[in-house]
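Residues per chain are reported as follows:
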Amino acid sequence: MPERPNHTALRPSWRCPVCGILWPCSAAKLRLLGQYRGDRPGLLTHLAKLQEEASADLTKLNPDSALPDLTPRFVGWAQTR
């Protein structure tokens, strides 16, 4: 059986190494929702920590540029509607 693609964040760029788009990609979101099924507060806490790490990494990569608000990208999608 072939190995599943790994849709984890490629650091320090915080892009998906499989999709090439900003992380979390759709596949990563689905995986995270499955991992944290029944524990939405745990998922949001995990995503907030990752957002802090991404903010630090992206600031180092682009020290002269202001970062956009990363909340919608990292936490906003996982909040209950």
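Before reading further, recall that the structure is shown in the block above.
Everything quoted here is computed from the prediction, not taken from an experiment.

A. Representation of the packing of aromatic side chains. Using the criterion set out here, one finds three aromatic pairs in the structure. Taken together, a centroid distance of 5.6 Å and an interplanar angle of 70° make the contact between W14 and F74 edge-to-face. One end of the pair, W14, is in the segment before α1 (26-35); the other, F74, is in helix α3 (residues 71-74), and 60 residues separate them in sequence. Exposure remark for F74: the relative accessible area of 0% places this residue in the buried category. Seen in terms of ring centroids, W23 and F74 are 6.1 Å apart; in terms of plane orientation they differ by 50°. Their pairing is tilted.

B. Just the environment of H46, in detail. Along the chain, H46 turns up in helix α2 (residues 40-61). A C-alpha to C-alpha distance of 9.7 Å links H46 and L32, two positions 14 residues apart in sequence. If we skip the residues at most four places from it in the chain, H46 touches L32 and Y36.

C. Structural detail: the nonpolar core. Among the nonpolar cores identified, the biggest contains 17 residues, and W14, W23, L32, L47, A54 and F74 are the most heavily contacted of them. Among the secondary structure elements, those contributing two or more residues to this core are α1 and α2. Discounting chain neighbours no more than four positions away, the residues touching W14 are A9, L22, W23, L50, E53, A54, D57, L58, R73 and F74.

D. Highlighting the environment of C25. As for its placement among the helices and strands, C25 is situated in the segment before α1. Judged by its relative accessible area of 1%, C25 falls in the buried class. Here the alpha-carbon distance between C25 and Q51, two residues 26 residues apart in the chain, equals 14 Å.

E. How the structure looks around the pattern of salt bridges. Taken as a whole, this structure holds one salt bridge when the rule is applied. One salt bridge in this structure joins R11 and E53, with 2.6 Å as the shortest N-O distance. Remark: E53 occurs in helix α2 and R11 occurs in the segment before α1; sequence separation between them is 42 residues. Looking at R11, the relative accessible area reads 44%, which means it is partly exposed.

Criteria and thresholds
- Residues numbered from 1 in each chain as written.
- Predicted model: local features only at pLDDT ≥ 70, side-chain atom pairs only at ≥ 80, totals over all residues.
- Heavy atoms only, no water.
- Phe/Tyr/Trp six-rings, centres within 6.5 Å; stacked < 30°, edge-to-face > 60°.
- Helix = DSSP H or I, 4+ residues; strand = E, 2+ residues; numbered from the N terminus.
- Buried < 20%, exposed > 50% of the residue type's maximum accessible area, 1.4 Å probe, protein only.
- Contact = heavy atoms within 4.5 Å.
- Core = buried A, V, L, I, M, F, W, Y, C linked by side-chain atoms within 4.5 Å.
- Salt bridge = Lys/Arg side-chain N within 4 Å of Asp/Glu carboxyl O.

Functional significance is not addressed by these values, which are geometric in nature.
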